[in-house]
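Letter by letter, the chains look like this.
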Amino acid sequence: MTLVQNVHVLMKDMLIMQEKLAKAENKISDIKTSTNNEIKELQKEVNFLKTENGLLKNYSVSFLNDIQELDKNLNNVSNTINDVKTEVLYLSIRLSDINTHSREMAEMLHQFNVSMEDTKQGIVEGQRNLSATLSELEARHWQAFDDIRNTTVAFQADLDQYKTDSMKLSVSVSALERFRVNQTNTQSDPNQEVAFTAAVTSPSPTWNSGTLIFDVVITNVGNGYNLNTGVFTTPKEGTYVFYVSALEYITQYLKIDIVLNSVSKVRAVSDSSASYQTATNMVVLNLQKGDRVWVRHLYGKGYTSADVPETTFSGFLIS
């Protein structure tokens, strides 16, 4: 029994030894592999060091060549330094000459500064004189402005007086015209018919003031309309109708009035928002014999017409 137990123990020990031997072999294999890798790395480093050694040898040769070249350059530098010393000596002499010239220039600069001061004083004096002249010119300017303004006021007063005189003259002319008509038509027929239509047959882009003279007479029963003046003079007392139609020139704004004895009664307007707008209006007036009626410009300019009239002025007696 004891022998069997010993055999079992021995067998167990052998198994343990085999396992340890297998582990030892594995470790030896790993060590060999690691050693081989390290040997390869060392060989690479040896090859690298050999290469570096070759490069260092080449660098050493190049360095020796550079040292020789530096020796040559050093000799050249020594020669250059000697040349520089010679130049410095020459420049020292030249600098002495420059110093002398600088002193002369300083003296000239001083004289120039003195001259500039004199010039500045002259400029200041000139500016004072110029300021005085400008002040005098400004005073003259304002005096001239006042004179022009006074002249304008006087001219405006004269113009207003002229307008007043013109109005009075117009009234006087109307009165004389009525007197003339009264004298020439003292025995006029109470059943006399009165009617007219007058026109313009060509455009005018520039008409911008005064009476619009309709110089083409289409109808003039009673001979009340004067084609030379554009004025209708009433041949007899009564109620009249007047009508005006004016075609604007393209898009030019236009305002006109039907006027009785210089007093505006109605107004016709053509707007400039579109081309060829028509200004029209009509008025019924109770007139005395000799009253005068016409079309007068108020604002804008120009009118349009053609052979078949587009701008006309008409009037007729209704009772």
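Conventions we followed
Residues numbered from 1 in each chain as written. Predicted model: local features only at pLDDT ≥ 70, side-chain atom pairs only at ≥ 80, totals over all residues. Heavy atoms only, no water. Core = buried A, V, L, I, M, F, W, Y, C linked by side-chain atoms within 4.5 Å. Buried < 20%, exposed > 50% of the residue type's maximum accessible area, 1.4 Å probe, protein only. Helix = DSSP H or I, 4+ residues; strand = E, 2+ residues; numbered from the N terminus. Contact = heavy atoms within 4.5 Å. Pairing = 2+ DSSP bridges. Salt bridge = Lys/Arg side-chain N within 4 Å of Asp/Glu carboxyl O. pLDDT = per-residue confidence, 0-100. Phe/Tyr/Trp six-rings, centres within 6.5 Å; stacked < 30°, edge-to-face > 60°. Axes fitted to C-alpha atoms, helices over the stretch in contact; angles between N-to-C directions. Polar contact = N/O pair within 3.5 Å; in protein donor to acceptor, adjacent residues only side chain to side chain. Patch = residues over 30% accessible without salt bridge, like charges linked within 9 Å, V, L, I, M, F, W, Y side chains within 5 Å. Areas by Shrake-Rupley, 256 points an atom, 1.4 Å probe, with all protein chains shown as cover.

**Digging into the nonpolar core**
Nonpolar side chains in soluble globular proteins tend to be buried together.
Consideration 1: Phe-214, Phe-242, Val-244, Ile-256, Val-293 and Phe-313 are the most contacted members of the largest nonpolar core, which has 28 residues in total.
Consideration 2: Taken together, the elements giving at least two residues each to this core come down to strand S1 (195-200), strand S5 (238-247), strand S6 (254-260), strand S7 (263-270), strand S8 (278-287), strand S9 (292-300) and strand S10 (311-317).
Consideration 3: With residues near it in sequence (within four places) discarded, Ile-256 still touches Trp-207, Val-244, Ala-246, Val-266, Arg-267, Ala-268, Val-295, Arg-296, His-297 and Leu-298.

**Focus: unusual backbone geometry**
Consideration 1: Positive phi is not limited to glycine here, since Asn-223 has a value of about 55 degrees.
Consideration 2: Secondary-structure assignment places Asn-223 in the loop between strand S2 (216-221) and strand S3 (225-226).
Consideration 3: Here Asn-223 falls in the exposed class, since its relative accessible area comes to 64%.
Consideration 4: For Ile-250, which is not glycine, the phi dihedral falls at a positive 55 degrees.

**So, the sheet that holds S9**
Consideration 1: Read from one edge to the other, the open sheet built from five strands follows the order S3-S4-S9-S6-S7, with strand pairing classed as antiparallel. Every interior strand has two partners, whereas the edge strands, S3 and S7, have only one.
Consideration 2: Sheet analysis places S6 next to S7, joined by seven bridges and oriented antiparallel. In the sheet register, Ile-258 faces S7, and the bridge partner there is Val-266.

**Topic: the pattern of salt bridges**
Consideration 1: What the rule picks out here adds up to two salt bridges.
Consideration 2: One salt bridge in this structure joins Arg-128 and Glu-125, with 3.7 Å as the shortest N-O distance. Taken together, the positions of Arg-128 and Glu-125, both in helix H1 (residues 2-184) and three residues apart, correspond to about one turn of that helix.
Consideration 3: According to the relative accessible area criterion, Arg-128 is exposed, its value standing at 56%.
Consideration 4: Linking Asp-257 and Arg-267 is a salt bridge whose minimum nitrogen-to-oxygen distance equals 2.7 Å. One end of the pair, Asp-257, is in strand S6; the other, Arg-267, is in strand S7, and 10 residues separate them in sequence.
Consideration 5: Its relative accessible area of 40% is what places Arg-267 among the partly exposed residues.

**Details of the environment of Val-200**
Consideration 1: Looking at the element boundaries, Val-200 is found in strand S1.
Consideration 2: The class of Val-200 is buried, set by a relative accessible area of 3%.
Consideration 3: Placed 107 residues apart in sequence, Val-200 and Asp-307 show a C-alpha to C-alpha distance of 8.4 Å.

**Some thoughts on the confidence of the model for the protein chain**
Consideration 1: On average, residues of the protein chain carry a pLDDT of 82, and 84% of them reach 70 or more.
Consideration 2: Scored below 50 in pLDDT, residues 184-188 makes four contacts in the model with residues more than four places away or belonging to other chains.

**Brief notes about the packing of aromatic side chains**
Consideration 1: Here the structure, examined in full by the defined rule, presents 12 aromatic pairs.
Consideration 2: Ring geometry for Phe-196 versus Phe-232: centroids 4.9 Å apart, planes at 15 degrees, classification stacked. One end of the pair, Phe-196, is in strand S1; the other, Phe-232, is in strand S4 (residues 231-233), and 36 residues separate them in sequence.
Consideration 3: Taking relative accessible area as the criterion, Phe-196 reaches 2% and is therefore assigned buried.

**A short note on the sheet that holds S10**
Consideration 1: Judged by pairing direction, the sheet is antiparallel, and its five strands sit side by side in the order S2-S1-S10-S5-S8 without closing on themselves. At either margin of the open sheet sits one strand with a lone partner, and together these are S2 and S8. Ignoring which end each strand starts from, the neighbouring axes of this sheet average 10 degrees apart.
Consideration 2: Of the strand pairs in this sheet, S5 and S10 are connected by six bridges, and their pairing is antiparallel. Following the sheet pairing, Tyr-240 is matched in S10 by Leu-317.

**What about the side chain of Ser-270?**
Consideration 1: The topology assignment puts Ser-270 in strand S7.
Consideration 2: A polar contact is formed between the side chain of Ser-270 and the side chain of Glu-248, at a distance of 3.3 Å.
Consideration 3: The residues touching Ser-270, leaving out its near neighbours within four places in the chain, are Glu-248, Gln-252, Tyr-253, Leu-254, Gln-277, Thr-278 and Ala-279.

**Focus on the pairing of S1**
Consideration 1: Alignment of S1 against S2, held across five bridges, turns out to be antiparallel. Within S2, the residue paired with Thr-197 across the bridge is Thr-219.
Consideration 2: Sheet topology note: the S1/S10 ladder contains six bridges and is antiparallel. In the sheet register, Thr-197 faces S10, and the bridge partner there is Ser-314.

**So, a nonpolar patch on the surface**
Consideration 1: A cluster of nonpolar side chains, Leu-3, Val-7, Leu-10, Met-11 and Met-14, forms an exposed patch at the surface whose accessible area comes to about 510 Å².
Consideration 2: If you trace the backbone, Val-7 turns up in helix H1.
Consideration 3: For Val-7, a relative accessible area of 43% gives the class partly exposed.

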